[in-house]
Amino acid sequence: MKRLTVLLFSIVFLMVSWPAGATAAPPRQDRARERLVTMRNWKLMQEMDLTGEKAQRVFDILKKYDDKRERLILRRRRLLKALRDETGRAEPSEEVLKRLMKDLVRVNVGLAGLPEEEIKGLSEVFSLQEQARYLLFVERFGREMHRILRESRNPDRRRERPRR
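Residues numbered from 1 in each chain as written. Predicted model: local features only at pLDDT ≥ 70, side-chain atom pairs only at ≥ 80, totals over all residues. Heavy atoms only, no water.

Would you explain the side chain of Asp103 in this entry?
Looking at the element boundaries, Asp103 is found in helix H4 (residues 94-122). On the basis of relative accessible area, Asp103 is assigned to the buried category, the value being 12%. (Helix = DSSP H or I, 4+ residues; strand = E, 2+ residues; numbered from the N terminus. Buried < 20%, exposed > 50% of the residue type's maximum accessible area, 1.4 Å probe, protein only.)

Sorry, what's going on with the packing of helix H3 (residues 52-87) against H4 here?
When two helices pack together, you describe them by how their axes are tilted relative to each other and by the distance separating the axes. Contact geometry of H3 with H4 gives a least axis separation of 9 Å together with a crossing angle of 165 degrees. Between H3 and H4, the angle falls in the class roughly antiparallel. Viewed along their axes, H3 and H4 form a crossing whose handedness is left-handed. Along the lines of polarity and charge, the residues of the contact of H3 with H4 split into 19 nonpolar, 4 polar and 8 charged. (Axes fitted to C-alpha atoms, helices over the stretch in contact; angles between N-to-C directions. Parallel < 35°, antiparallel > 145°, perpendicular 65-115°, else oblique. Left-handed = near helix turned anticlockwise from the far one by under 90°. Nonpolar A, V, L, I, M, F, W, Y, C, P; charged D, E, K, R; others polar.)

Help me out: how do you make sense of the nonpolar core in this one?
Within soluble globular proteins, side chains that are nonpolar tend to cluster in buried spots. Counting 29 residues, the largest nonpolar core has Leu44, Leu50, Val58, Leu122, Phe126 and Tyr134 as the members making the most contacts within it. Mapped by element, the contributors of at least two residues to this core are helix H2 (27-48), H3, H4 and helix H5 (128-153). Per-element accounting of this core gives the leading share, 10 residues, to H3. (Core = buried A, V, L, I, M, F, W, Y, C linked by side-chain atoms within 4.5 Å.)

Can you walk me through H4 in this structure?
Along an α-helix, residues three or four positions apart point the same way, because every turn accommodates 3.6 residues. Over its 29 residues, H4 runs 42 Å from end to end, which matches the ideal 42 Å to within 8%, given 1.5 Å per residue. The axis of H4 is deflected most strongly, by about 40 degrees, at Leu114, and proline Pro115 appears within four residues downstream. Leu97, Leu100, Asp103, Leu104, Val107, Leu111, Leu114, Pro115, Glu118, Ile119, Gly121 and Leu122 are the residues of H4 that are buried. (Expected span 1.5 Å × (residues − 1). Bend = angle between axes of the 7 residues up to and from the residue.)

What is the right way to look at the packing of aromatic side chains in this model?
Ring pairs (aromatic) are described by centroid distance and by the angle formed between their planes. Scanning the model with the defined rule gives 3 aromatic pairs in all. A ring pair is formed by Phe126 and Tyr134, whose centres lie 6.3 Å apart and whose planes are at 45 degrees; its orientation type is tilted. According to the relative accessible area criterion, Phe126 is buried, its value standing at 3%. Taking relative accessible area as the criterion, Tyr134 reaches 2% and is therefore assigned buried. Ring centres 6.4 Å apart and planes at 35 degrees place the aromatic pair Tyr134 and Phe137 in the tilted group. Separated by 3 residues within a single helix, Tyr134 and Phe137 lie in helix H5, roughly one turn from each other. (Phe/Tyr/Trp six-rings, centres within 6.5 Å; stacked < 30°, edge-to-face > 60°.)

Rendered as structure tokens:
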């Protein structure tokens, strides 16, 4: 579960990586996030053989958690910026630092709990076996997105690696 959480965080951070403190993602990043979600949904439809009403229910559930994740990540970025600003002051306020640290830990716990919430939400639509297949899908999809991004950032370091 820990590995899955790390992969989900990685995907999400890539999906919503806009400047700290920003209230909305720049249009280019919005498009990239939309493309990533569209690609995930399309591949998920293929993987799980989703059609019609079931597909729509699954995508509605996933959107709910994508939106929640995005809000939490934005909140986390704002808290980190505030924490950096406060620690950079000549005389940081212990009260403010404690509050920011407490809020940051609370947000991190919320983010860490999202995969479990997501699976619970999907249990309304997916059987236990389908939930397990979804978790495997998320793992593979995350690995594939990491590979694509890594290769696009470092084209000289591309190398063919065997699939696991």
